[in-house]
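Each chain is listed here by its residues.
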Amino acid sequence: MDTTIVLILLQDGVMNGAIYALLGLALVLVFVVTRVIFIPQGEFVAFGALTLAFMVNGRMPGTVNLLLIIGALVFAVECLSAARSRNWSGIGKTFAWTLLLPLVLYFLAPYVVSTDTSLWINVLFSLALVIPLGPMLYRLAYQPVAEASVLVLLIISVAVHFALTGLALVFFGAEGWRTPPFMEGEIQMGPVSWSAQTFFVLGTCLVLILGLWIFFGRTLYGRALRATAVNRRGARLVGISTNMSGSLTFTLAAAIGALSGMLIAPVTTVYYDTGFLIGLKGFVAAIFGGLVSYPIAAGGALFVGILEAFSSFWASAYKEVIVFTLIIPVLLWRSFGSHHIEDEE
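This text gives an overview of the structure that appears in the document. (Residues numbered from 1 in each chain as written. Predicted model: local features only at pLDDT ≥ 70, side-chain atom pairs only at ≥ 80, totals over all residues. Heavy atoms only, no water.)

1. Let's talk about the overall build of the chain
- Within the chain one finds 15 helices and two strands.
- In terms of overall dimensions, the chain is globule-like: its C-alpha atoms have a radius of gyration of 20 Å, near the 20 Å expected for 345 residues.
- For the chain, buried positions account for 47% of its 345 residues.
- A fraction of 77% describes how many contacts in the chain between residues 6 or more apart in sequence connect residues 24 or more apart.
- For the chain, the computed accessible surface area is about 16100 Å², with 69% contributed by carbon and sulfur atoms.
- Averaged over its 16 positive side-chain charges, the chain has a centre that lies 14 Å from the centre of its 16 negative ones. (Helix = DSSP H or I, 4+ residues; strand = E, 2+ residues; numbered from the N terminus. Rg over C-alpha atoms; globule rule 2.2 N^0.38 Å. Buried < 20%, exposed > 50% of the residue type's maximum accessible area, 1.4 Å probe, protein only. Contact = heavy atoms within 4.5 Å. Areas by Shrake-Rupley, 256 points an atom, 1.4 Å probe, with all protein chains shown as cover. Lys, Arg positive; Asp, Glu negative; His and termini not counted. Charge placed at Lys NZ, Arg CZ, Asp CG, Glu CD.)

Okay, here's the thing in structure tokens:
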């Protein structure tokens, strides 16, 4: 190994680490607000990448039908809940985002899906198809048991992961896909040429992290999420809806996951189950921060990405083992400084 190889591996590690940082931030966000260890985060990575890949190749993505089906289920559940409580005040809003939006996207899809469509339009349309799945998933699987223990929520997350993986196989098939890079060209830096795609990924990650920082620090909804993360019961007492907080959190997690999948698709062949391993690496990064610290999780993600890159050079057959084994010393390290916290704040 010489300096050139080290720089090449660092380039790969930093780019992958930036993706894992986004996923780690999403996992921390979901956990601190809803106490859900969001294992299906990786499925949104696969959905985002595969939806974009289908569209740039002129094929109708399965997400169009999937969104319509899940939206109809959510609307039926909301109607049943409204009938039981005899409160139909919010049914119009529910109809708009669970049925009207999927129907509009369903009828627009044939006009958008084409090999001649701009890549950026495909990205926006793919995000519009994938992001609503986040709050819909929360309403179906997590909101009814929002006050359950962390263990119960973890078991539900495992079940949701397997369900989404099966749906991905049905709606996307077993074939692997890649997408064209967002930026072409290379930039010479010393003895190594850095691809423009790498800088695009890093820039996008920085902009997104900055946007989240502004959202949580400067907006009313961001402060509501922070209040819910600090004390769920106190947030309810001052009028903050924990259901709204959970739905918004899952919306952000779905957006981050889908965008991460689109960023990684040009450099990695994505299959229907690829997102699980990518999401687990984001989970390793989140473990660095104890599922509560955003900066430490981001730093841990960069370490995971660099470790993976160098492991692929020294022991490519065991790189996944090396990365996931990292959880053990991290958990031991965090256990030394941990103290018992009651499940309900």
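2. Observations concerning helix α6 (residues 133–142)
- Most of α6 sits inside the fold, with nine of its 10 residues counted as buried.
- For α6, the set of buried residues is Leu133, Gly134, Pro135, Met136, Leu137, Tyr138, Arg139, Ala141 and Tyr142.

3. So, unusual backbone geometry
- Phi at Arg35 is positive, roughly 65°, even though this residue is not glycine.
- Among the structural elements, Arg35 can be located in the loop between α1 (3–34) and α2 (41–56).
- The exposure class assigned to Arg35 is buried, which follows from its relative accessible area of 8%.
- Notably, Arg86 is not glycine yet its phi reads approximately 55°, a positive angle.
- Position of Arg86 among the secondary structure elements: in the loop between α3 (63–85) and α4 (91–112).

4. Focus on the nonpolar core
- With 89 residues, the main nonpolar core has Phe38, Phe47, Tyr142, Phe182 and Leu263 as its most contacted residues.
- Of the residues forming this core, the biggest block, 14 residues, is contributed by α1.
- Dropping the residues within four chain positions of it, Tyr142 is found in contact with Val36, Phe38, Pro40, Leu137, Leu153, Ile156, Ser157, Val160 and Phe250. (Core = buried A, V, L, I, M, F, W, Y, C linked by side-chain atoms within 4.5 Å.)

5. Some details on α2
- With 16 residues, α2 should cover 22 Å at 1.5 Å per step; its first-to-last C-alpha distance of 23 Å lies within 8% of that length.
- Across the 16 residues that make up α2, a large majority, 16, are buried.
- Phi turns positive one or two residues past the end of α2, at Gly58, with a value near 75°. (Expected span 1.5 Å × (residues − 1).)

6. Observations regarding the pattern of salt bridges
- Summed over all chains, the structure comprises three salt bridges.
- Close ionic contact of Glu147 with Arg236 constitutes a salt bridge, the shortest N to O distance being 3.4 Å. Remark: Arg236 occurs in helix α10 (residues 232–237) and Glu147 occurs in the loop between α6 and α7 (150–172); sequence separation between them is 89 residues.
- Exposure remark for Glu147: the relative accessible area of 46% places this residue in the partly exposed category.
- Across the salt bridge formed by Glu308 and Lys281, the nearest N and O atoms sit 2.5 Å from each other. Residue Glu308 is found in helix α13 (residues 294–314), and its partner Lys281 is found in helix α12 (residues 274–288); the two are separated by 27 residues along the sequence.
- The buried category is assigned to Lys281, whose relative accessible area is 5%. (Salt bridge = Lys/Arg side-chain N within 4 Å of Asp/Glu carboxyl O.)

7. Observations regarding the packing of α3 against α4
- One way to put it is that α3 packs onto α4 with a least axis distance of 9 Å and a crossing angle of 165°. Taken as axis vectors, α3 and α4 run roughly antiparallel relative to one another. For the element pair α3 and α4, the recorded crossing hand is left-handed. The residues of α4 that touch α3, namely those facing Val64, Asn65, Leu67, Leu68, Gly71, Ala72, Val74, Phe75, Glu78 and Cys79, are Ile91, Thr94, Phe95, Trp97, Thr98, Leu99, Pro102, Leu103, Leu105, Tyr106 and Ala109.
- Classifying every residue of the contact of α3 with α4 by side-chain character gives 16 nonpolar, four polar and one charged. (Axes fitted to C-alpha atoms, helices over the stretch in contact; angles between N-to-C directions. Parallel < 35°, antiparallel > 145°, perpendicular 65-115°, else oblique. Left-handed = near helix turned anticlockwise from the far one by under 90°. Nonpolar A, V, L, I, M, F, W, Y, C, P; charged D, E, K, R; others polar.)

8. Describing the side chain of Thr34
- Relative to the elements of secondary structure, Thr34 occurs in helix α1.
- Here Thr34 falls in the buried class, since its relative accessible area comes to 5%.

9. Section: a nonpolar patch on the surface
- A cluster of nonpolar residues, Phe95, Leu100, Val104, Leu108 and Tyr111, forms a patch on the protein surface that exposes about 510 Å² of accessible area.
- Within the secondary structure, Leu108 sits in helix α4.
- Note on Leu108: relative accessible area 40%, which makes it partly exposed. (Patch = residues over 30% accessible without salt bridge, like charges linked within 9 Å, V, L, I, M, F, W, Y side chains within 5 Å.)

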